[in-house]
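What the coordinates show
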Amino acid sequence: MTTSVAAREIAPAKRPGMFRTIVTRFVRQKFAFICFILIVAEAVVAAGAPFFAPYDPLKTDYTITWEPPLPGHVMGVDDLGRDVLSRLIYGGRISIAIGVVSQIAALAIGLPLGALAGMLGGWVDFAVTRFIEILTSVPTIFLYILMMIALGAGFQNMVLAMAITNWTGIARLVRGQVLSLKQTDYVRAAQAMGGDTKHIIMAHLVRNALGPVLVSVTFGVPSAMLAEAGLSFLGLGIRPPDTSWGQMVGMYQSYILTSWHLTVFPALVMSVTMFLWYQFGEGLRVALDPSIQI
Amino acid sequence: MVRYILGRLTGLVGVLFAVSLLTFFLMHSIPGGPYDMKAAQMAQMIPQDLLDKINKLNGLDQPVWKQYLIFLKNALKFDFGYSYISSGRTVVEIFANHWPYSMQVGGLTFAFAFPIGLGLGILSAMKRDTLVDRAITVLMVIIQALPSFIFALFLKLIFAVQLGWLPTQGWAGPKTWIMPVLANSLGPILMLQRYTRGAMVDVMGSDYVRTARAKGLTENRVTLVHIFKNALTPVITIAGPMVSNLITGSFFVEGIFRIPGLSSYLGGAIGNRDYPMIISSTLFFTAITTVTYLITDLAYAAIDPRVTYVKAR
Amino acid sequence: MPEPMLQTIDLVKSFAVRRGFFAQESIRLMAVDHVNISIDEGETFGLVGESGCGKSTLGLTVMQLYTPNGGQVRFDGQDLVGLSPEDLRHNRRRMQMIFQDPYASLDPRMSIEQILLEPLNIHGIGTHEERLAEVRRLLDLVGLPTDAADRFPSEFSGGQQQRIGIARALALQPKLIICDEPVSALDVSVQASILNLLRDLQDRMELTYLFISHNIAVTGFMSKRIGVMYLGRMMEIGSSDTIINHPSHPYTQALISAVPEPDPKMRGKERTLTGDVPSPIDRPSGCPFHPRCPLAKRLDNPARCREERPELRELSAGHTVACHFAEER
């Protein structure tokens, strides 16, 4: 082999890494990129709630109860005279956190279990797939309900309930990826070159399964937000004085005949946020799929 | 084939057993019994000896595993015990009274959503990449971000509260059906449209459709005989997830429109830890979903000659 | 006489096949049934047979990607069966593989540079700069422009993808390459250029090939010697000339006659095979070919064909046939 000096001369400029390529491909999809920026902006506002919220979300003002939007309270006030906008900003903290944290937790369970089942096969695979089969045969809403009754309401328990319910999807996905990857000629080629299991996981499994898993997790976030709302709606979710978007919709909807603004604003914020996440996920899916030219 | 069905039924029993176990122990892992809760809610003290008596009557003084065995034994005789909160009514009675309403909501929703979802899917596949397709896609993206209970609230606000065209709640006659059915339809429509479009597009690009065209068949005949037949067969595979979706959807829709169905009844049961109701309905809906999956698989095998569940010799 | 580069001795590979719903009974499928082949250094040995005859399984078993159920795989004088992973890894450097579907054999999410670096990284060959230089040399060797390095497999044609696969196989400077149907997924117009490239590389790098193909014409062009496989067994082994022009086994004769004859005057005497290849699970007793064998039919289905499994026996020097009645043709 030639000296390294000569080698360096003919070596070209370094090609962009995998991460850079994905980012470029994502940014090229303008709409999805805008959605992503809005998601970040929303998260920043929620995180900095004390700074951005015009009022204390718990401060009551009995002189203006039930008021629809008015100057100083752009989204109106609720039955106790609390500012709806401020409550929404604070509620966003919990809603967004539940969406994101629950999916990361689900990933933490589903990824290793799915990968182990796919790679080891045998009784491990049998046990994991049977367990998934049992969990998925129960309609999701019942799993949530059972779990929330057993665990009790509150943020942490809700995250736990969602992680326990949602890991099956990721585990299935990863297992399928591992199984199909095992059969590919490029993994065979890697084995023929002398690559061991560790090499195949690092070089091929991570590279190929990362995309679908990331997309699945992203799509899971709005679903988890929806589930949070559903459970809060049933009184199994976030307990006052804490608040979340779902809880606001659930609590305020009984006043819909008299005070429309209490339902409409939280419902809109939730829907729009879910929309943003779905679009972000779709953009990510396209960016991570090398067969789609953009 | 018989062996396959038997195998699947065995699996179904196994799943139900596992789910009953899971549900039962989850429900009994909570500190405090159902009557503590009720007493607290009524803000009145039930004398301890009376509480003991009630607990004994319901078998709540036994160890959990014994309670489970009793439950299992009774369940096999189709006896799911008494509902704790509605005095004197058995779980089976409550199901018999309320389940028909939920069935009606589900049935009407399906009857409404099926042609629309299918139609939109076919339309967007046939007009692929045109304005029509894009408009439908945008509509579906909006639907995706619109949970059924939020849509139900918006409908109620506009058509019942603001315009006063429709009654705000109840389940008595076509006028009261419109909003619940519409709200509950979003999920199934979305699912059907996506799946139908995908399946159609796949089939339209296949070699046999190209061959059919090359043979000189008229476009209508190609569409009818080759595209529909092959694209719509796989659509039945989403029946399982769809039933699951309808059950979930009706939970909220029944609550919002005060429909006396099983789901809205369950809402009350949940808050009051009505174990027999919760456990029974979990098992009931699990059974429904699982059976749907089984029937779907069998129907699919009956229709699609490529699927066989019995290995050829 | 020097040791052959590759030799299989009574190599067996079978799979458990589940049958029936409850899967209680499992049946052994004999994919490779006591196969003996031997390839000298620098030689190309062609392996032909219909799809499902076990020729690809043989290739994968030789590579130790399948664990053999019996027999030996002697590579450069050493038996690979039962080697420790470390020793196997060492030996694998010197035997590589080219796959049938070039696209499927390249990780779609790796750039060409990453693909060609992979074998060098696994074995820690050279510094990073040296590896990059080697990638460029490999691309040049297989006739691809060096700027291909930055692109992804999907941006190339089938022929170019196969060139990448070949370059990757060459990266470790192997002595033996197993070519598993390397051109059958390619357009006919591209096939010739890939075959020529393989021959050219063989001359330049003193490579030994095990060339697996269902196409007897392509195999004849590539190989010095050819083995014919049917339902996991070797039916006939001989020089390319013998196998193609003077085949002795009725199965080989049928395979040859199925090749389209370019000269119209020579047409009309094709003997086509009738019936389907039996399932390897329910392999016929005796000679696996006897239910379809035109020779057996002509001889009024002798009982020996049904009852006794014919072993390979030498007809002439370097020409062996597994047929009881090979002399009858």
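First, a word on what this report is: a plain description of the structure on this page.

Cut-offs and rules
Per-chain numbering applies: the sequence of each chain, read as written, is numbered from 1 onward. Numbering of ligands from 1 and lettering of chains from A proceed in the order in which they are written. For a predicted model such as this one, the threshold for reporting local features is a pLDDT of at least 70, and the threshold for listing and counting side-chain atom pairs is 80 or more; totals across whole chains, interfaces and linings nevertheless cover every residue. As a rule here, side-chain values come from all non-hydrogen atoms in the structure, and water together with hydrogens is ignored. Helix and strand definitions here come from DSSP, where helices need a minimum of 4 consecutive H or I residues and strands a minimum of 2 consecutive E residues; each element is numbered from the N-terminal end. Per-residue accessibility, obtained with a 1.4 Å probe over protein chains only, is compared with the maximum for each type, and a residue is labelled buried under 20%, exposed over 50%, and partly exposed between these values. The contact rule is simple, with two residues in contact once any of their heavy atoms fall within 4.5 Å. Computed by Shrake-Rupley with a 1.4 Å probe, the accessible areas treat only the displayed protein chains as cover when residues are assessed. This count recognises Lys and Arg as positive and Asp and Glu as negative, with His and chain-terminal groups excluded. Each charge is placed at NZ for Lys, CZ for Arg, CG for Asp and CD for Glu. The working definition used for a salt bridge is a side-chain nitrogen of Lys or Arg within 4 Å of a carboxyl oxygen of Asp or Glu. Any pair of nitrogen or oxygen atoms within 3.5 Å is treated as a polar contact; in protein, a donor-acceptor pairing is required on top of that, and neighbouring residues in sequence qualify only through side-chain atoms on both sides. Any residue outside Ala, Val, Leu, Ile, Met, Phe, Trp, Tyr, Cys, Pro, Asp, Glu, Lys and Arg is labelled polar, Gly included; the first ten of those are nonpolar and the last four are charged. Residue types Ala, Val, Leu, Ile, Met, Phe, Trp, Tyr and Cys, when buried and joined through side-chain atoms within 4.5 Å, form a set referred to as a nonpolar core. Two strands pair if DSSP finds at least two bridges between them. With axes taken as lines fitted to C-alpha atoms, and helix axes fitted only over the stretch in contact, angles between N-to-C directions fall between 0 and 180 degrees. For crossovers, right-handed means that the path from the first strand over the helix to the second runs clockwise, given strands pointing away from the viewer. What sets the label is the angle itself: under 35 degrees gives roughly parallel, over 145 gives roughly antiparallel, 65 to 115 gives roughly perpendicular, and the rest give oblique. In this scheme the handedness of a crossing depends on how the near helix is turned from the far one: anticlockwise by less than a right angle means left-handed, clockwise means right-handed.

Focus: the overall build of chain C
- Along its length, chain C carries eleven helices and twelve strands.
- Overall, the C-alpha framework of chain C stretches about 70 × 55 × 50 Å when taken along its three principal axes.
- Within the span of chain C, comprising 329 residues, buried residues form 54% of the whole.
- Across chain C, contacts joining residues at least 24 apart in sequence account for 65% of those joining residues at least 6 apart.
- Accessible area of chain C: about 14100 Å², with a carbon and sulfur share of 48%.
- Across chain C, the centroid of the 36 positively charged side chains sits 4 Å from that of the 43 negatively charged ones.

Some thoughts on the interface of chain C and chain A
- If you look at the interface, chain C gives 35 residues, while chain A gives 27 residues.
- Taken together, the connections running from chain C to chain A amount to zero salt bridges.
- Across the contact surface, chain C and chain A share eleven residue pairs in polar contact (both at pLDDT 80 or more).
- At the level of elements, helix H2 (85–92), strand E6 (95–98), helix H3 (112–122) and helix H4 (128–141) of chain C are the ones that each hand at least two residues to the side of chain C that touches chain A.
- If you tally residues by element for the side of chain C that touches chain A, the top one is H4 of chain C, at six residues.
- Per-class residue counts for the side of chain C that touches chain A are 16 nonpolar, six polar and 13 charged.

Side note on the nonpolar core
- In this structure, Phe142 and Ile145 of chain A together with Met27, Phe149, Ile150, Phe251 and Met277 of chain B are the most contacted members of the largest nonpolar core, which totals 132 residues.
- Setting aside residues up to four positions removed in sequence, Met27 of chain B forms contacts with Leu146 and Ile149 of chain A together with Tyr275, Ile278 and Ile279 of chain B.
- Counting 75 residues, the second largest nonpolar core, distinct from the first, contains Ala192 of chain A together with Val32, Leu138 and Ala169 of chain C.

Let's talk about the sheet that holds strand E8 (residues 208–213) of chain C
All names here are of chain C.
- Spatial strand order, E6-E7-E8-E3-E9-E10-E12-E11: eight strands in an open sheet with mixed pairing. The open sheet terminates on both sides in strands that have one partner only, identified here as E6 and strand E11 (313–316). Ignoring strand direction, the axes of neighbouring strands in this sheet form an average angle of 20°.
- In this sheet, strand E9 (residues 225–230) lies alongside strand E3 (residues 44–48) in parallel orientation, the contact comprising four bridges. By the bridge assignment, Leu47 is partnered in E9 with Gly227.
- Each of E9 and strand E10 (233–239) is contacted by helix H9 (residues 250–257), which is oriented at about 105° to E9, the strand it contacts most.

Re the pairing of E8 of chain C
Residues and elements named next belong to chain C.
- Of all six residues that make up E8, six are buried, and the element is covered over most of its length.
- Judged by which residues are buried, E8 turns out to be covered on both faces: Thr208, Leu210 and Ile212 on one side and Tyr209, Phe211 and Ser213 on the other are all buried.
- Pairing between E3 and E8: five bridges, direction parallel. The partner of Phe45 across the bridge, within E8, is Leu210.
- In terms of strand pairing, strand E7 (residues 176–180) meets E8 through five bridges, oriented parallel. Each bridged residue has a counterpart across the sheet, and for Cys179 the counterpart in E8 is Phe211.
- Regarding the hand of the β-α-β motif, the stretch spanning E7, helix H6 (residues 188–205) and E8 is right-handed.

Overview of the packing of helix H3 (residues 30–47) of chain A against helix H12 (residues 260–288) of chain A
Residue and element names in this part refer to chain A.
- Put simply, H3 and H12 touch, their axes get as near as 8 Å, and they point 130° apart. As summarised for this structure, H3 and H12 are arranged oblique, according to the angle between their axes. For the element pair H3 and H12, the recorded crossing hand is left-handed. Residues Phe31, Ala32, Cys35, Phe36, Leu38, Ile39 and Glu42 of H3 pack against Val269, Thr273, Phe275, Leu276, Trp277, Gln279, Phe280 and Gly283 of H12.

Describing the pattern of salt bridges
- One pass over the full model with this rule turns up 22 salt bridges over all chains.
- Of the charged contacts in the structure, one is a salt bridge between Arg285 of chain A and Glu282 of chain A, with a shortest N-O distance of 2.9 Å. Pair noted here: Arg285 of chain A and Glu282 of chain A are both in helix H12, with a separation of three residues, about one helical turn.
- A residue is classified by how much of its surface remains accessible, and Glu282 of chain A, at 31% relative accessible area, is partly exposed.
- Measuring nitrogen to oxygen at the nearest pair gives 3.1 Å for the salt bridge that ties Glu113 of chain C to Arg136 of chain C. Here Arg136 of chain C lies in helix H4 and Glu113 of chain C lies in helix H3, a separation of 23 residues in the sequence. Pair check on accessibility: Glu113 of chain C and Arg136 of chain C agree, each one buried.
- Via salt bridges that share partners, Asp33, Arg233, Arg309 and Glu311 of chain C belong to a single interconnected network.

All we've got here are geometric facts, nothing functional implied.
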